[in-house]
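The chain contents come next:
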Amino acid sequence: MAIVESDEVAKPPAAQPKLVSVLAEFAGPRELMHAAEKIRDSGFTKWDCFTPFPVHGIDDAMGTKRTKLPFIVLCAAICGGTTAIAMQWFCNAYDYPFMISGKPFFSLPSSMPVVFELSVLFSAFATLFGMLGLNGLPQLYNALFKVDNFRRVTDDKFFLGIETTDPKFNVDQTKTLLNSLHPVLIEECWDSGETRAIPSIFFKTLAMLGLLAIVPVVMVAQLRALPSNLPRLHGQWDMDHQPKLKTQKHSELFVDGRGMRLPIANTVAFGELKTDRSFYNGLQGGAASAEITDAMLLRGAVAANGEPVNNGSFPWVTEFPLEVDEQLMARGRERYGIYCAPCHGYEGDGNGLITQRAMELTGNGRGAWVKPVSYHSDPIRMQPVGKLFNTVTNGQGRMPGYASQIPEKDRWAIVLYLKALMKSRDASPDDVPADVKERLSQGP
Amino acid sequence: MAHHHPVKLDAETVGNFNDLGEAPERTALIVGVIAIAASAFLSAFSAVNWQHFLFTYLVNFCYVLTFSLGAFFFIAVQFVIRVGWSVVVRRIMEVVSLGALPCAILFLPLLAVVWSGYTGMWPWNDPKVIAENHLVERRDDWMNPTMFTLRAVFYFLVWVGMTRLIFKKSTRQDVTGDPKITNQMEGWGALCIFLFATTATFAAFDWIVSLDKVWFSTIFGVYFFAGCLVGFSSLTNLIVLILLKTGKLSPSVVTVEHRHNLSKIMFFATCFWGYNAFSQYLLYWYANIPEETGWFLIREKGGWGFLAYVLIFGHFAIPFLGMMSRAVKRNANLMIFWCCYMLVMHWLDLYWQIMPNMSPDFIPFGITEVLVLVGMVAFVFAGVMWQAGGTPLVAIKDPRLDESIAFHDI
């Protein structure tokens, strides 16, 4: 069998080993610290100490300057805070102003939490990346890793290394200097000279991945920009299409195609049997109100001929359909304070806090508001209690109904209190009971 | 390591609290009592002045109390998390915390005010306010003279009891050097933190929050706590710096590293204060509920509004930037300035919290404030020095002393 000599030309040129640094090992931190002070004083600049744990005071011994990192972090924090303010101003006050409960679009107090968050976030990034940058990290290769003895630096050895690139470096002199510091041993660190370039496959893969990453972005952009008659893309099909019935939605399950079911004919749900028209609607019962449907009582109801329903002439009850006592009055006063006073004011003049604020905004051209009528105006004062009850139940004009929030009995209590309020502005001396009159005439 | 040699300390070399001067506590006591009595006397002739005096009394009482409370909490933390570095300055904190006892005495006049039926201070003590205000009436079971007194007695039992206990144990160790005491204090410390959190929160509600009829703030306890930390850290740092300056403490025992750490705590306290003060404001701003915003409404107007800005910038922004740098924290002279500055700010903070309840329209600052402040500080100083007596300035036999002296801030 013949041995075929490989072609000399195909071989890469023989690697040229190169001296990178001279290492000196020391017995412990104390010796190392001492050596570092000497090296510092002899003016070397490109050298370092390697220890298995942080050694207090080594920075001073090496003459290391304090890091600039804090200033980088401070700048980043200021950037973060400014970004936060600018972003919130842009979103809330400029690009998409949206009024939320009368608050200003942009204000410093409400921006502070985000300012805080972004300052912290930016500082955290600046700390991490600034630290990496200032230290020249990550460093995938260092000739020191090839020195066998050096491996124990993470365990129990202490080294000091001077690099050949240092302007004061001279192999013999440097070694003599190091020797004078009583090291345990002196060693040279050689770089084998092999190429240290990152394999090209790494970059090729990276480029491929980069190209692939563009695809989804382009797809999204295309779908957003162009009209399409394809059905929407569903990220999670079974979340978007759950096999259940939804309100006001079509359903295949039932013959009539309604998802929502009607109550079964001729049945009434528990607690829904409301036959007493005077208590539940404020209308006189029997034939007088037989023509009046619930729909006609609603706010803004429209009759069959397209005219708005005028409920003023309905046969409203004029007496309370429940027993009236002091307790009911007290209840009415309390409920009034909760549900009505914010708009109508405690005195019923229509000057509640909400109205005051809303009128102020209306005055400034921000929104529109109808000031509630005063209860003490004639048209309201003359209304039968049934009609007042219906106003609270179904609302009137710009005022919404409160049927869903206030149960019937409480609504009557409120109406009772309304009557008391009206009376308070419309009383004559004859209305005052005799004993009270006597007390009043005596003076304080 | 090469750069330090363990320092052996004994009672002689470190000096003790008696070396600080010739019976300073007696002079301080006389000054304190005279100053307070004089301002009380000057105010006694008109109802307005008398109310002013009582509110000022409360402000300054809270002021001197916060030092002791902050120190109490901080020492407890030191024990629980086995802190090494702080051992050389812990004795000074212990002595600051002893202010709880003189504060208990200073509280007695406030109790007398409540029991005398005086209505110009806490509205819950006024039957007319109770009758007219549903919310106050509903709180009556909690806010009444008996409950108020019972709670106050409990607070002071805890504060005086615990600070005395810590001090006793710590000084016993000066003699015996028994490391078991350090272990025991770990358990006590945990209890102290719990007790501190509850008592300080409730006390802040009893004494400061309840000055307003309806106002409440769930974060106020933490706000008060932040004030305690600001006050305590500034005062402790100032004492340490002065002792170093005057040569009573050796710079080889309390080094620049310890000063640096104390200053960091001050810096932290400043940020923590800003964080809480602002959180409280922000939530009110968002919710916009009348019985809550009322508190800020009066504090935003006129002179109080100006003071509010002084606090935003003076109590937070300026010291935040001013104390941020490491070089500043390690510079004794600059830190003496910042300590005094923060002590003033802390006082203004409490003044701003309490005083507008008496005088919503203007800042009533006058000679009363000065006299009562001087009186209270002198009185508490006397009480503290009397308790501290001849104890060494440093916990000389603490098992972590060497570690503390060798402490090096990276």
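What counts and what doesn't
Residues numbered from 1 in each chain as written. Chains lettered and ligands numbered in written order. Predicted model: local features only at pLDDT ≥ 70, side-chain atom pairs only at ≥ 80, totals over all residues. Heavy atoms only, no water. Helix = DSSP H or I, 4+ residues; strand = E, 2+ residues; numbered from the N terminus. Rg over C-alpha atoms; globule rule 2.2 N^0.38 Å. Buried < 20%, exposed > 50% of the residue type's maximum accessible area, 1.4 Å probe, protein only. Contact = heavy atoms within 4.5 Å. Areas by Shrake-Rupley, 256 points an atom, 1.4 Å probe, with all protein chains shown as cover. Lys, Arg positive; Asp, Glu negative; His and termini not counted. Charge placed at Lys NZ, Arg CZ, Asp CG, Glu CD. Pairing = 2+ DSSP bridges. Core = buried A, V, L, I, M, F, W, Y, C linked by side-chain atoms within 4.5 Å. Phe/Tyr/Trp six-rings, centres within 6.5 Å; stacked < 30°, edge-to-face > 60°. Salt bridge = Lys/Arg side-chain N within 4 Å of Asp/Glu carboxyl O. Polar contact = N/O pair within 3.5 Å; in protein donor to acceptor, adjacent residues only side chain to side chain. pLDDT = per-residue confidence, 0-100. Axes fitted to C-alpha atoms, helices over the stretch in contact; angles between N-to-C directions. Parallel < 35°, antiparallel > 145°, perpendicular 65-115°, else oblique. Left-handed = near helix turned anticlockwise from the far one by under 90°. Nonpolar A, V, L, I, M, F, W, Y, C, P; charged D, E, K, R; others polar.

Turning next to the overall build of chain A. The helix and strand inventory of chain A stands at 16 helices and 6 strands. Here the C-alpha radius of gyration of chain A, 44 Å, is well above what a compact globule of 444 residues would show, namely 22 Å. Projecting the C-alpha coordinates of chain A onto the three principal axes gives extents of approximately 125 × 80 × 45 Å. Burial analysis of chain A (444 residues in total) assigns 28% to the buried set. Residue pairs in contact within chain A that sit at least 24 positions apart in sequence constitute 66% of those at least 6 positions apart.

The next subject is the overall build of chain B. If you tally the helices and strands in chain B, you get 17 helices and 0 strands. Taken over C-alpha atoms, the radius of gyration comes to 22 Å for chain B, in line with the 22 Å a tight globule of 410 residues would show. Principal-axis analysis of the C-alpha atoms places the extent of chain B at approximately 75 × 40 × 40 Å. Out of the 410 residues in chain B, the part that is buried amounts to 57%. Across chain B, contacts joining residues at least 24 apart in sequence account for 82% of those joining residues at least 6 apart. Put simply, chain B shows about 17100 Å² of open surface, and 69% of that area lies on carbon and sulfur atoms. Between the centroid of the 26 positive side chains of chain B and the centroid of its 27 negative side chains there is a distance of 6 Å.

What follows is about the pairing of strand β2 (residues 47-50) of chain A. Residue and element names in this part refer to chain A. Of the two faces of β2, the one holding Trp47 and Cys49 is buried and the one holding Asp48 and Phe50 is not buried anywhere. As paired strands, β2 and strand β3 (residues 158-163) are joined by 4 bridges and run antiparallel to one another. Within β3, the position partnered with Cys49 by the bridge is Leu160.

Its place among the elements puts Thr368 of chain B in helix α16 (residues 367-388). Judged by relative accessible area, which is 11%, Thr368 of chain B ranks as buried.

In this structure, Leu58, Phe61, Trp159 and Trp207 of chain B are the most contacted members of the largest nonpolar core, which totals 139 residues. If you look at the next biggest cluster of nonpolar residues, it comprises 24 residues, including Ile406, Ile414, Val415 and Leu421 of chain A.

With that settled, the discussion passes to the packing of aromatic side chains. All names here are of chain B. Considering all chains together, one arrives at 63 aromatic pairs over all chains under this definition. Their ring planes at 70° and their centres at 5.0 Å tell us that Tyr63 and Phe67 sit as a pair that is edge-to-face. Of the two residues, Tyr63 and Phe67 both sit in helix α3 (residues 47-80), 4 residues apart, roughly one turn of that helix. Residue classification places Tyr63 among the buried positions, given a relative accessible area of 8%. Ring geometry for Tyr351 versus Phe365: centroids 6.2 Å apart, planes at 75°, classification edge-to-face.

Before going further, it helps to spend a moment on the interface of chain B and chain A. In this assembly, 14 residues from chain B lie in contact with 14 residues from chain A. In this assembly, chain B and chain A are joined by 0 salt bridges. Put simply, chain B and chain A have 2 residue pairs in polar contact (both at pLDDT 80 or more) between them. With 6 residues, the single largest contributor to the side of chain B that touches chain A is helix α11 (residues 256-287) of chain B.

A few words on the confidence of the model for chain B. On average, residues of chain B score 93 in pLDDT, and 98% of them reach the 70 mark or higher. Reported confidences for the modelled complex are a pTM of 0.72 and an ipTM of 0.80.

Residues and elements named next belong to chain B. Relative orientation of the contacting elements helix α5 (residues 100-115) and α16 amounts to 135°, with a least axis distance of 8 Å. Here α16 runs oblique to α5, going by the angle between their axes. Seen from above, α5 lies across α16 with right-handed handedness. Mapping the contact onto sequence places Leu101, Pro102, Cys103, Ile105 and Leu106 in α5 and Met376, Phe379, Val380, Gly383, Val384, Trp386 and Gln387 in α16. Broken down by class, the residue content of the contact of α5 with α16 amounts to 10 nonpolar, 2 polar and no charged.

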